[in-house]
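# Structural overview for review
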Amino acid sequence: PRCSNIVYPRQDPSVIVAIRDGADRLLLAHNTAWKSDFYSVIAGYVEAGESLEGAVHREIGEEVGLEVDEVRYLTSQPWPYPRSLMLGFSACARTPYFILDETEIDRALWVTRAEFSQLVTSREISPPGPSTIASNLIANWLGHPIVRPEANNL
C-alpha cells in the first residue's frame, strides 16, 4: 500500500485440443512426466504475441507432428497450476500419421469411442479427472460423460 503500485496477477494462457482424424477417432497422448497409464489430449502454453489458433497449430505440430484444420474454440477453465487459463479447442488432423516429440510425448494412439471406453473400463488407461477441461473435451467427443470404473473396485 505504501508504494501505491497496483499489481495484477499474471495469467498464462494455454490451449488444450481434442484432435480427431477423418475416421472420427480421438488422439490420446502420454506425456513423459505423467504416470504410465495416464493419457490425455494435447496442450501447451500460448507464446507472447501468438494467437490462440496459432498456438493450437504450433503445439500440435511440435508435440505430435500433425497439421490440423477445423480449429474450433469450445470452452475454457481457470487452472491454478500455476495461474493459467486453459482454452479448449477441437481440431481435425489432415492425416492420421503422427510423429512424436519424444522429449515430451512418448506415446500416442488414435481411439474410437468404443476403444476409448474399453481401455478406461479395463483400466488400461487412466483418463483425465472429471473436473478437468481435458475430461470435458473428451466427453464432448464421446457424446456423453466418461464412464469410469468404480473406485471400490480398485
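Below, the structure is looked at part by part. Computed from a predicted structure; not experimentally measured. (Residues numbered from 1 in each chain as written. Predicted model: local features only at pLDDT ≥ 70, side-chain atom pairs only at ≥ 80, totals over all residues. Heavy atoms only, no water.)

Next up on the list: the overall build of the protein chain. The helix and strand inventory of the protein chain stands at 3 helices and 6 strands. In terms of its C-alpha atoms, the protein chain occupies a principal-axis envelope of roughly 60 × 40 × 30 Å. By the burial criterion, 40% of the 154 residues in the protein chain qualify as buried. On the protein chain, roughly 8900 Å² of surface is accessible, and the fraction owed to carbon and sulfur atoms is 54%. Side-chain charges of the protein chain comprise 13 positive and 20 negative groups, with the mean position of each set lying 7 Å from the other. (Helix = DSSP H or I, 4+ residues; strand = E, 2+ residues; numbered from the N terminus. Buried < 20%, exposed > 50% of the residue type's maximum accessible area, 1.4 Å probe, protein only. Areas by Shrake-Rupley, 256 points an atom, 1.4 Å probe, with all protein chains shown as cover. Lys, Arg positive; Asp, Glu negative; His and termini not counted. Charge placed at Lys NZ, Arg CZ, Asp CG, Glu CD.)

Moving on to the nonpolar core. A general tendency of soluble globular proteins is for nonpolar side chains to be buried together. By size, the foremost hydrophobic cluster in this structure holds 20 residues, and its most contacted members are V17, I19, L27, I42, I60, V64 and L66. When residues of this core are traced back to their parent elements, those giving at least two are β1 (12-20), β2 (26-31), α1 (52-64), β5 (84-93) and β6 (105-111). Ignoring sequence-local partners within four residues, the contact set of I42 consists of V15, I16, V17, I19, A29, E59, I60, E63, V64 and I105. (Core = buried A, V, L, I, M, F, W, Y, C linked by side-chain atoms within 4.5 Å. Contact = heavy atoms within 4.5 Å.)

This paragraph deals with the packing of aromatic side chains. On inspection of all chains with the given rule, the structure shows 3 aromatic pairs. Judged by centre distance (5.8 Å) and plane angle (80°), the rings of Y73 and F89 are edge-to-face. One end of the pair, Y73, is in strand β4 (residues 68-79); the other, F89, is in strand β5, and 16 residues separate them in sequence. In this structure Y73 comes out as partly exposed when scored by relative accessible area, which is 47%. (Phe/Tyr/Trp six-rings, centres within 6.5 Å; stacked < 30°, edge-to-face > 60°.)

Another point: unusual backbone geometry. The phi angle at D24 is positive, at roughly 65°, despite the residue not being glycine. For D24, the position within the fold is in the loop between β1 and β2. You can call D24 partly exposed: its relative accessible area is 29%. Although it is not a glycine, R123 sits at a positive phi angle of roughly 65°.

Another point: the environment of P127. Secondary-structure assignment places P127 in the loop between α2 (113-121) and α3 (133-142). A sequence separation of 99 residues divides P127 from L28, and the C-alpha atoms of the two residues are 9.3 Å apart.

Burial analysis of β1 places 8 of its 9 residues in the buried class, which makes it a mostly covered element. Two strands pair when backbone bridges link them, and β1 and β5 are joined in this way by 9 bridges, in the parallel orientation. When the sheet's bridge partners are listed, R20 is paired in β5 with C92. (Pairing = 2+ DSSP bridges.)

In this fold, D37 is placed in the loop between β2 and β3 (42-45). Once the C-alpha coordinates of D37 and L66 are considered, the two residues, 29 residues apart in sequence, prove to be 23 Å apart. Residues within four places of D37 in sequence aside, it is in contact with R123, E124, I125 and S126.

Let us now look at the pattern of salt bridges. Using the criterion set out here, one finds 13 salt bridges in the structure. The residue R58 makes a salt bridge to E62 at a minimum N-O spacing of 3.2 Å. Placement of both R58 and E62 in helix α1 is noted, with a separation of 4 residues, approximately one turn of the helix. With relative accessibility at 43%, the residue E62 sits in the partly exposed group. (Salt bridge = Lys/Arg side-chain N within 4 Å of Asp/Glu carboxyl O.)

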